[in-house]
Amino acid sequence: MSTDKVVITQAVNQQIQYILKELNFTQLAVLVDENTLVNCYPLIKASLPNHCLIQIKSGEEFKTIETCNHIWGRLTAEAFDRKSLLLNLGGGVIGDMGGFAARTFKRGIKFINIPTTLLAQVDASIGGKLGVDFKGLKNHIGLFSDPDQVIVDPVFLQSLPPAELASGFAEVIKHHLIADANGWEMLKKQSLPDLNWLETIRHSVAIKSRVVASDPQEAGYRKTLNFGHTLGHAVESFKMINDDSVLHGEAVALGMIAESYVSYKKGLLSSEELKSIENYIDSIFTRVNIMPEEIDEIFNLVIQDKKNKNNRVMAVLLEGIGSAKWDIKLTPSEIKSSLRYYSN
Ligand code: NAD
């Protein structure tokens, strides 16, 4: 994705007015959920020309084709044509699903993302992955296509619940660990309230954009962005199946500790580096509770990860802080011992 398609600003209204003038469109729709309707829409409403407001229910459980039906239905009822524009105002769910609905409506209309969660600002809005969940499978139906524009303004973070902010911050930590050793030295001295969000977002967007640009279809290097996600996703699914919940970022934080431990055991990371990663993550996230008897079940979910090859678990490991290797085979004993290490 070219970097001029992402504007990071503290003047979202000015940017909206500028970009709406630049984009040639007929009608405009704005997609919100009940939280972004109350917390974010009022911040930009005055800058929007006449538009159709489409509201959906918040939450991953509504990231479905049924919700797309509702979006397509509204666009059809309002007689939107192929030159119309959808503005997605929300977190990763709205961005992924709104983008998918836009790119499939009449074979594709334009869309803009204004991400309102930290996760969407530093991760989901960059990289062109669009889609919905299907029959319980995450992001099972979708496509790659970049938004016509992304406008990121930290002002939206002010209303974000602290747990959601921390959840998005796991991706910021990840970007440092896989790609910026010097940045990590500075980051680890700062806690969440000390951060300059504009700079933090800029840094993460630059890293993600660079990685994606060098490997858009995830043939190799882009896989490094999955650091922490192999074990993290398995724990996230395990908790969901058992009617317990962890936020995505809490699971990724767990995954980063467990996968750093495997990196250490394979001689890729020093014990000092492992400790510094653990100490920083523990200063931000409470550890997820994993009982010893749950480890086998979590392991069975790791085996189902869609990134595995020939039933072999493939993970991303750190090769020193600031650099990562992908497609590293993990053995069952490495996986289980890393989960035991985390939970002890
Ligand atoms: P989300 O979109 O569900 O938002 C989290 C919650 O915060 C929701 O309840 C939402 O209504 C609320 N919210 C949003 N902005 C707010 C604000 N400013 N103030 C108050 N409340 C606000 O979740 P998310 O964490 O942003 O995104 C998760 C989704 O992103 C998942 O579906 C995941 O698959 C996807 N994702 C996509 C990519 C990608 O590359 N496309 C990358 C990572 C994650």
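Everything that follows concerns the structure shown earlier in this document.
This text gives an overview of the structure that appears in the document. Note that residues are indexed from 1 along each chain, following the sequence as it is written. With the structure being a predicted model, the display of local features is reserved for residues of pLDDT at least 70 and the display and counting of side-chain atom pairs for 80 or more, all residues being used for whole-chain, interface and lining totals. With hydrogens and water set aside, each side-chain value is computed from the structure's full complement of heavy atoms.

### A short note on the pattern of salt bridges
A pair can form between side chains of opposite charge whenever their charged atoms are brought close. As a reminder, the rule being used: Salt bridges are defined as contacts in which a side-chain nitrogen from Lys or Arg sits within 4 Å of a carboxyl oxygen from Asp or Glu. Only protein chains enter the accessibility calculation, which uses a 1.4 Å probe; a residue whose area is less than 20% of its type maximum is buried, one above 50% is exposed, and one in between is partly exposed. The numbering of helices and of strands both runs from the N terminus, where a helix is a DSSP run of H or I of at least 4 residues and a strand a run of E of at least 2.
Applying the stated criterion across every chain, the model contains 17 salt bridges. In this structure, the salt-bridge partner of arginine 222 is glutamate 218, at a minimum N-O distance of 3.9 Å. Taking relative accessible area as the criterion, arginine 222 reaches 2% and is therefore assigned buried. Its salt-bridge partner being lysine 275, residue glutamate 278 comes within 3.5 Å of it at the nearest N-O pair. Here glutamate 278 and its partner lysine 275 are both found in helix α12 (residues 271-284), 3 residues apart, which amounts to about one turn of the helix.

### Points about the sheet that holds strand β8 (residues 149-152)
Working definition: the strands of a sheet are paired by backbone hydrogen bonds and lie parallel or antiparallel to each other. The following threshold applies: When DSSP locates at least two bridges between a pair of strands, those strands are taken to pair. The angle between two axes is taken between their N-to-C directions and runs from 0 to 180 degrees, where each axis is a line fitted to C-alpha atoms and a helix contributes only its stretch in contact.
The strand order β1-β8-β5-β4-β2-β3 describes an open sheet built from 6 strands, whose pairing is parallel. Across the chains shown, the open sheet's two edge strands, defined by having one partner strand only, are β1 (6-8) and β3 (52-56). Put simply, the sheet's adjacent strands are angled 20° from each other on average, direction ignored. Pairing between strand β2 (residues 28-33) and β3: 5 bridges, direction parallel. Residue pairing in the sheet places alanine 29 in a bridge with cysteine 52 of β3.

### Quick word on the pairing of strand β5 (residues 110-115)
The condition is simple: Handedness of a crossover is defined as follows: with both strands directed away from the viewer, a clockwise route from the first strand across the helix to the second makes it right-handed.
Of all 6 residues in β5, 5 are buried, a share of seventy percent or more. As judged from the 6 bridges shared by strand β4 (residues 85-90) and β5, these two strands associate in the parallel manner. Within β5, the position partnered with leucine 86 by the bridge is phenylalanine 111. As for the winding sense of the linkage, the β-α-β connection from β4 through helix α5 (residues 92-104) to β5 is right-handed. Relative to β8, β5 is paired through 2 bridges, and the arrangement is parallel. When the bridges of β8 are listed, isoleucine 112 appears paired with glutamine 149.

### Let's talk about the nonpolar core
So the rule is basically this: Here, the term nonpolar core denotes a set of buried Ala, Val, Leu, Ile, Met, Phe, Trp, Tyr and Cys residues that are joined through side-chain atoms within 4.5 Å. Contacts: residue pairs with any heavy atoms within 4.5 Å of one another.
Counting residues in each nonpolar core, the largest one holds 68 residues, and the members touching the most others are Phe169, Ile173, Leu177, Trp197 and Ile201. In this structure, leucine 177 is in contact with Trp184, Phe227, Met256, Ile277, Leu318, Gly320, Ile321, Gly322 and Ser323, ignoring residues within four places of it in sequence.

### Focus on the site of the ligand
Basically, it comes down to this: Nearness is judged by heavy atoms alone; a residue qualifies as near a molecule or strand once a single heavy atom is within 4 Å of it. Under the rule applied, a polar contact is a pair of N or O atoms within 3.5 Å (in protein, one hydrogen donor and one hydrogen acceptor; residues adjacent in sequence only if both atoms are side-chain atoms). Areas reported here follow the Shrake-Rupley algorithm with a probe of radius 1.4 Å; residue values treat only the protein chains shown as occluding. Three classes are used, and their members are as follows: Ala, Val, Leu, Ile, Met, Phe, Trp, Tyr, Cys and Pro are nonpolar, Asp, Glu, Lys and Arg are charged, and the others, Gly among them, are polar.
Not every one of the 25 residues close to the ligand is listed here, only the nearest: Asp33, Glu60, Thr116, Thr117 and Ser159. In the environment of the ligand, an oxygen atom lies 2.5 Å from a nitrogen or oxygen atom belonging to the side chain of glutamate 60. Interatomic distance of 3.0 Å between a side-chain N/O atom of aspartate 96 and a nitrogen atom of the ligand. Expressed as a share of its isolated accessible area of 870 Å², the protein-covered part of the ligand is 88%. Taken together, the elements giving at least two residues each to the shell around the ligand come down to α2 (34-39), α5, α6 (118-124) and β7 (137-144). Along the lines of polarity and charge, the residues of the shell around the ligand split into 6 nonpolar, 10 polar and 9 charged.

### Describing the pairing of strand β6 (residues 129-134)
Summarising the sheet, β6 and β7 pair through 5 bridges and their orientation is antiparallel. By the bridge assignment, glycine 131 is partnered in β7 with glycine 142.

### Overview of the packing of aromatic side chains
Note the following rule: Only rings of Phe, Tyr and Trp enter the pairing, Trp through its six-membered ring, and a pair is recorded when the two centres are within 6.5 Å. The plane angle decides the type: under 30 degrees is stacked, over 60 is edge-to-face, the rest tilted. Any Lys NZ or Arg CZ that is within 6 Å of a ring centre and within 35 degrees of that ring's normal is treated as a charge sitting over the ring.
Within the structure shown, the criterion is met by 7 aromatic pairs. Look at tryptophan 72 and phenylalanine 100: their rings are 6.3 Å apart centre to centre, the planes differ by 50°, and that puts the pair in the tilted class. Here the residue tryptophan 72 occupies a position in helix α4 (residues 65-77), and phenylalanine 100 occupies one in helix α5, the gap between them amounting to 28 residues. When the centroid spacing of 6.1 Å and the interplanar angle of 55° are considered together, the rings of tyrosine 221 and tryptophan 326 count as tilted. A residue pair is termed long-range when its members are at least 10 positions apart, and tyrosine 221 in the loop between α9 (197-214) and α10 (229-241) and tryptophan 326 in strand β10 (residues 324-330) qualify at 105 residues. Residue class for tyrosine 221 comes out partly exposed when judged on its relative accessible area of 30%. On the basis of relative accessible area, tryptophan 326 is assigned to the partly exposed category, the value being 32%. The structure contains a cluster of three or more aromatic residues connected by ring pairs, namely Phe169, Trp184, Trp197 and Tyr280. When the ring centre of phenylalanine 299 is taken as origin, the NZ or CZ atom of lysine 336, which lies over that ring, is 4.7 Å away.

From the geometry alone we can't say anything about function, so treat these as descriptive.
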